[in-house]
Amino acid sequence: MNEATLFLMKPELSLMLFLFILLIGKVGDWFKTNESVMNLVHGLLVVQLGICLIPGTGEAFSGMYRTHTLIGFEKLILTAGTLLISLQSWHWARNHKHLPEFYILLFTTLLGFYFMLSSGNFLMFYLALELASIPLAALVNFDLDKAKSSEAAVKMILISAFASSMMLFGISFVYGTTGSLQFDQLPQLINGGQLQMMALIFIFSGFAFKLSAVPFHLWTADVYEGAPVAVTAYLSVISKAATVFVFISILSPLFQFFPALWNHLLEWVIVLTICVGNLFALRQTNIKRFLAFSSIAQVGFILLAFVAGNADGSASGIFFLVVYLFSNLGAFGVVSIVSAQTGHEDLVHYKGFYRHHKTLGWVMALSLFSLAGVPPTAGFFGKMFLVASGAAAGNYFLLLIAALNMVVSLYYYLRIVKFMFVDEQEHHMILQPAHYTVMLALFICMAGVLLTGVVPGLYAYIQSLL
Amino acid sequence: MGSVIQLVLVGMLAVSFYAAREAGDLAPMLFEYRSSWYPAFHIEYHVGIDGISLLMLLMTAFVVVSGILLSFKIEQLTKEFFFLLLMLSMGAYGFFISLDLFTMFFFLEIAVIPKFLLIAIWGSGKKEYSAMKLALMLMAGSALVLVGILITYFVAVGPDGQHTFDLMQLAQVQLPFEWQRIIFPLLFVGFGVFTALFPFHTWVPDGHSSAPTAASMFLAGISMKLGGYGCLRVATYLMPEAAAYYSWVIVLLATIAILYGAFATLMQKDLKYINAYSSVSHCGFILLGIGMLTKTALIGAVMQMVSHGVMTALFFGAIGMLYERTHTRQVSELGGLLKSIPFISSMYIIAGLCSLGLPGFSGFVSEMTIFMGAWQREGVFYKVATILACASIVVTAVYILRAAGKAVMGPIENDAFKNLPDATWNEKIASVLLTVAVLAIGLAPFWLINLVSGDVQLIMENLTRGAIGN
């Protein structure tokens, strides 16, 4: 290990350093108020953003760790998302009794995702996956006075462990049949045998769990409902984004060896995911459960990126994830303010929201429109590109299902907009003005939603990285 | 204010377009502007106009200005109302000038949410139901259009082996017929939902009636023409062989729409519903013209789009003004309004006369052109359809005259109506603007036809590839 390696691993090392700063700070009782913790964390995350911006390409530890510009960009996206979530949860975090621990666990999870993105070897990948998943399950429990939170955490850890072990099973078969765990060696070694097919299916199942793809989605609603809003936002955006990034760079090439199986699998999963996500979202009355099912449907769309298996598909997937990050965090931002100040999480409480809170109403409406895929928000472009790249393979039936489901999803997103804009109620919510960090985060999200689509630079940039 | 500026700009555009054409610039599209938007998908921001688009733009400008002038009395959330109206008009303007399929789709979809919000917040009657129904049906139509556009993109390989979304380039490529048979229905039905193609017209009555006045004017006047323009420019232009193949279906559905719309209107007792169902009927004429695939019929369809646009805007505007003063839209409760509010009632009568096709107004000219064009088409089926469509004019006359006679003329039913305030200055300007448009088209249609015939000829040339001649 020399200076070059250290410099290559700078995002991880700096994050670890910040993690230890927080840990020592907690143990040494440096933090007198929650505000100081939050300010420190936000500062550290901004520095982390800067570090992620410095490019670097190379390998370390005989191929276990590798990085290049695309991976750096992906880490940047994850860090930006974490920063936005942290900014948004100001109202909830201010009154929390164990805030430094929250951030320590959050940083650990993020570190796990960093290593996952940079892994060059299945072993490293699995290690990083566990490093990310276990603290995440603990984070779900952070509404410490609510029983629902603990219930959600138990569900999360049990299912998470089960899915990870299934994935490990698949990984072990891959090793057994090919003799290697290195990602760059595997394409040459895979020969299309049946045991390998089974192995890849198990690995895909592990991924599908993290992505909440059907039929591995059953944990999503309960966990999203029980967790604090910040963690729900994290799960729904960052965790999914990291999983998709890894899938694009590492595992998609491996699956190309079983084209018939892969296409079949993808088609079924996509159709089921989009349809089930939409149908269940129609019936929800709790906004966090609603956002859970809507994100399941979005995952169905993201999986379209893998259908064609070409660079266009991957670029659309990454582009959509950036857009999805902005839209979802916009929606979660508003939910977090409402939930922290009033404790209300039911959709009916949002009736008449717009008349009394115009800015937040527009933020929520724009985020929902972006999730629905309505122009001129970026969500429209994201969905269009995904659908276009998915159709490139010639499966127009899939395209039709996706397009028709956009109509269904529009219905449930419009229902919330209707509650907010059209309906009235006597005992409507009255919110205190939000803290400036929250408004800053929401402003960034809205800028992202409005500009990222109409201004074409981002997509071209992503394509250039692939 | 902004919309007036837009109107002036469109006027200037019209003048310069005319001048350029006179000077002999015969390029298919003038004032083109293209810039690469998403090169990975060959998407460009490509806009340009020809005669047909120019007419659509003019019509949009007139209707939007009038709509805004008539909305001075909106009380709640006024800023949002005008913001949404302007978003709608942006969508319409953009749609009519786009020459790239993706850009076209972008502008088409921009309009859906403002429509929903306009009806749901400022509407009347069962507004939430109508708004949701409208939004979902229009979105479903757009979904079909999206699938059609994407399949076209992938199937059409240009001369250099490239895919493209560009409309003009796609027109040069002859798509294989097996694909055309699949894509054309998708596109035509998708756009047809916007133009009240039977049986997807069910959003029209509730949507138009529950909407606030300016939104109804826009919806019936412009939004329904988005579909007609799409059917003409995208479906028929790009896929002439399939258009010829399916033309009997289009003619059948259009004729059903015309007759069904007319007869359904007879049963209506609410002024707005009368107008809404009659819009279904009149837009059926547009689709009939497109379905007949002769040059005169296509010109007639374009003219009907423009004519119906301004006419129905005037109609809804008059109804809106009436409703504001009398607070009822039921024909049975109205009567003798000509005595108390003569200006508004006259506007209502003018709109009604135009709707039933009185010569001198635009309705006569456009419907006549469609009938002439439709009659030119060979085949008993088409002649029968033409005759049936002509016959519907009688039904139109019945319901219009009955409604006008009962609501506006005759004795005053309700004493409260004796002293109603007549039109204010903004309402007068709006109504006069639209009446001028209606009369201009009706009395001097040749400038319209000259503008359009060259471009329709282009579409016909594509069609003659498919052995349907003029």
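Small disclaimer: the values here were computed from a predicted structure and weren't measured. (Residues numbered from 1 in each chain as written. Chains lettered and ligands numbered in written order. Predicted model: local features only at pLDDT ≥ 70, side-chain atom pairs only at ≥ 80, totals over all residues.)

Enquirer: Even after reading the chapter, I still don't get the overall build of chain B, so can you show me in this structure?
Expert: Of regular secondary structure, chain B possesses 19 helices and two strands. Looking at chain B as a whole, 61% of its 470 residues are labelled buried. Sequence separation of at least 24 residues holds for 79% of the intrachain contacts in chain B that already meet a minimum separation of 6. (Helix = DSSP H or I, 4+ residues; strand = E, 2+ residues; numbered from the N terminus. Buried ≥ 20, exposed ≤ 12 C-beta atoms within 10 Å, placed from the backbone. Contact = placed C-beta atoms within 7 Å.)

Enquirer: What should I look at first to understand the nonpolar core in this one?
Expert: Most often, soluble globular proteins have nonpolar side chains that are buried together. Formed by 359 residues in total, the largest nonpolar core has its most connected members in Leu55(B), Val302(B), Val310(B) and Leu314(B). Once residues lying within four places of it in the same chain are set aside, the contact partners of Leu314(B) are Met347(B), Ile350(B), Ala351(B), Ser431(B), Leu434(B), Thr435(B) and Val438(B). (Core = buried A, V, L, I, M, F, W, Y, C linked by C-beta atoms within 7 Å.)

Enquirer: Sorry if this is basic, but what is going on with helix α16 (residues 311–342) of chain A here?
Expert: Residue and element names in this part refer to chain A. Over its 32 residues, α16 extends 46 Å from the first C-alpha to the last, a length consistent with the 46 Å expected when each residue adds 1.5 Å. Burial analysis of α16 places 28 of its 32 residues in the buried class, which makes it a mostly covered element. Two residues or fewer past α16, Gly343 is found with a positive phi of approximately 75 degrees. (Expected span 1.5 Å × (residues − 1).)

Enquirer: Looking at this model, I keep getting lost on the environment of Leu448(B). Mind explaining?
Expert: Residue and element names in this part refer to chain B. Among the secondary structure elements, Leu448 is positioned in helix α19 (residues 446–464). Overall, the presence of 23 C-beta atoms within 10 Å leaves Leu448 in the buried class. For the pair Leu448 and Gly51, spaced 397 residues apart in sequence, the C-alpha to C-alpha distance is 8.5 Å. Contact partners of Leu448, with chain neighbours within four places excluded, come to Leu55, Met303 and Ile441.

Enquirer: Which parts of the structure should I look at to understand the interface of chain A and chain B?
Expert: When the parts of a complex come together, some accessible area is lost, and that lost area is often taken as the interface size. In this complex, chain A contributes 28 residues to the contact, which on the side of chain B involves 25 residues. Broken down by secondary-structure element, the contributors of at least two residues to the side of chain A that touches chain B are α16, α19 (378–391), α20 (396–421) and α22 (457–465) of chain A. Broken down by class, the residue content of the side of chain A that touches chain B amounts to 25 nonpolar, one polar and two charged. (Nonpolar A, V, L, I, M, F, W, Y, C, P; charged D, E, K, R; others polar.)

Enquirer: Sorry if this is basic, but what is going on with the environment of Val323(A) here?
Expert: All names here are of chain A. The residue Val323 is located in helix α16 in this model. Look at Val323 and you get buried, because 27 C-beta atoms sit within 10 Å. A sequence separation of 99 residues divides Val323 from Val422, and the C-alpha atoms of the two residues are 27 Å apart. Excluding anything up to four places from it in sequence, Val323 contacts Ser370, Ala378, Gly379, Gly382 and Thr452.

Enquirer: Where do I start with helix α2 (residues 10–27) of chain A in this structure?
Expert: Along an α-helix, a turn takes 3.6 residues, which lines up residues three or four apart on a common side. Residues and elements named next belong to chain A. When the terminal C-alpha atoms of α2 are compared, their 25 Å separation across 18 residues agrees well with the 26 Å that a helix rising 1.5 Å per residue should span. Burial in α2 covers these residues: Pro11, Glu12, Leu15, Phe18 and Leu22. Angular distribution of buried residues about the axis of α2 spans 130 degrees; they occupy a single face of the element. Set apart from the buried face of α2 by more than 90 degrees, the exposed residues are Phe20, Ile24 and Val27. Of the surrounding elements, those touching the buried residues of α2 are α3 (34–53), α4 (69–88) and α6 (99–117). Positive backbone phi, at 60 degrees, marks Asp29, one or two positions downstream of α2. (Arc of directions from axis to C-beta.)

Enquirer: What is the right way to look at unusual backbone geometry in this model?
Expert: Outside of glycine, negative phi angles account for most residues, and trans bonds account for most peptide bonds. Cis geometry is adopted by the peptide bond preceding Pro215(A), which originates at Val214(A) and carries an omega value of 0 degrees. Of note, the bond from Pro375(A) into Pro376(A) is cis; its omega dihedral lies within 30 degrees of zero at 0 degrees. Relative to the helices and strands, Pro376(A) is located in the loop between α18 (358–372) and α19. Even without glycine at this site, Ala196(B) takes up a positive phi of about 60 degrees. Mapped onto the elements, Ala196(B) comes out in the loop between α8 (177–194) and α9 (203–210). Positive phi, close to 60 degrees, is recorded for Leu293(B), a residue that is not glycine. Mapped onto the secondary structure, Leu293(B) falls in the loop between α12 (271–292) and α13 (295–326).

These figures come from the coordinates and say nothing about function on their own.
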